[in-house]
Amino acid sequence: MEEITDGVTNISISADSQKKNRIQVSNTKKPLFFYVNLAKRYMQQHNEVELSALGMAISTVVSVAEILKNNGFAVEKKIMTSTVEIRDESRGRPISKAKIEIVLGKTEKFDELMAAAAEERAGDVEEQS
């Protein structure tokens, strides 16, 4: 039994596949601002965020990045595009899908903007009471 726990303890996972600051955007019905707010939270914790998407979800990632840039929260650090082969189980053959990865970093006024937004929310709560 000790051998098993030693094996589990010593497992090393590739850092690239488990990045703590990566948001993989899917083409679900989650609202756009769910991803915008999540990206802000990741930037608070890690100073940068990597937005990643495949296929039809690419437009969502681009919109999230543009909203963050236009509102002064983020600067673009890197954009990578590629195609990936995904195995289609129903057809039994590989399908090529477009992939985008956008790395955004905090702007100099990020913390200031976040503090202002927090004050605004606190003011809204007081007005409702």
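This text gives an overview of the structure that appears in the document. Not measured: the values here are computed from a predicted model.

1. Considerations on the sheet that holds strand S3 (residues 74–88)
The four strands are arranged S1-S2-S4-S3 in an open sheet whose pairing can be described as mixed. Every interior strand has two partners, whereas the edge strands, strand S1 (22–25) and S3, have only one. Mean inter-strand twist for the sheet, computed between neighbouring axes without regard to direction, equals 20°. Pairing of strand S2 (residues 48–54) with strand S4 (residues 93–106), which is carried by seven bridges, proceeds in the antiparallel orientation. In the sheet register, Ser52 faces S4, and the bridge partner there is Glu101. Each of S1, S2, S3 and S4 is contacted by helix H3 (residues 58–70), which is oriented at about 5° to S4, the strand it contacts most.

2. Focus on the packing of aromatic side chains
Enumeration over the complete set of coordinates arrives at two aromatic pairs. Ring geometry for Phe73 versus Phe110: centroids 5.9 Å apart, planes at 75°, classification edge-to-face. Taken together, the positions of Phe73 in the loop between H3 and S3 and Phe110 in helix H4 (residues 110–128) put the pair 37 residues apart, joining distant regions of the chain. By relative accessible area, Phe73 is classed as buried at 9%. In this structure, Lys30 packs its charged tip against the face of Phe34, placed 4.9 Å from the ring centre. Cation over ring: Lys40 sits above Phe73, and NZ or CZ is 4.3 Å from the ring centre.

About the cut-offs
- Every chain begins its residue count from 1, and numbering advances along the sequence as written.
- The predicted nature of this model means local features are confined to residues of pLDDT at least 70 and side-chain atom pairs, given and counted, to a pLDDT of 80 or more, with totals for whole chains, interfaces and linings taken over all residues.
- Derived side-chain values reflect all non-hydrogen atoms in the structure, with water molecules and hydrogen atoms excluded from consideration.
- Pairing between strands is defined by DSSP: at least two bridges between the two strands are required.
- Labels follow the DSSP assignment, with helices taken as runs of H or I lasting at least four residues and strands as runs of E lasting at least two, numbered in each case from the N terminus.
- Axis angles are defined between N-to-C directions and span 0 to 180 degrees, where every axis is a line fitted to C-alpha atoms and, for a helix, only to the segment in contact.
- In what follows, residue pairs with any heavy atoms lying within 4.5 Å of each other are defined as contacts.
- Each aromatic pair joins two rings of Phe, Tyr and Trp (for Trp, the six-membered one) with centres within 6.5 Å, and gets the label stacked for planes under 30 degrees apart, edge-to-face for over 60, and tilted for any other angle.
- Only protein chains enter the area calculation, which uses a 1.4 Å probe; residues under 20% of their type maximum are buried, those over 50% are exposed, and those in between are partly exposed.
- As a reminder, the over-ring test applies to NZ of lysine and CZ of arginine, requiring each to be within 6 Å of the ring centre and within 35 degrees of the ring normal.

Keep in mind these values describe shape, not function.
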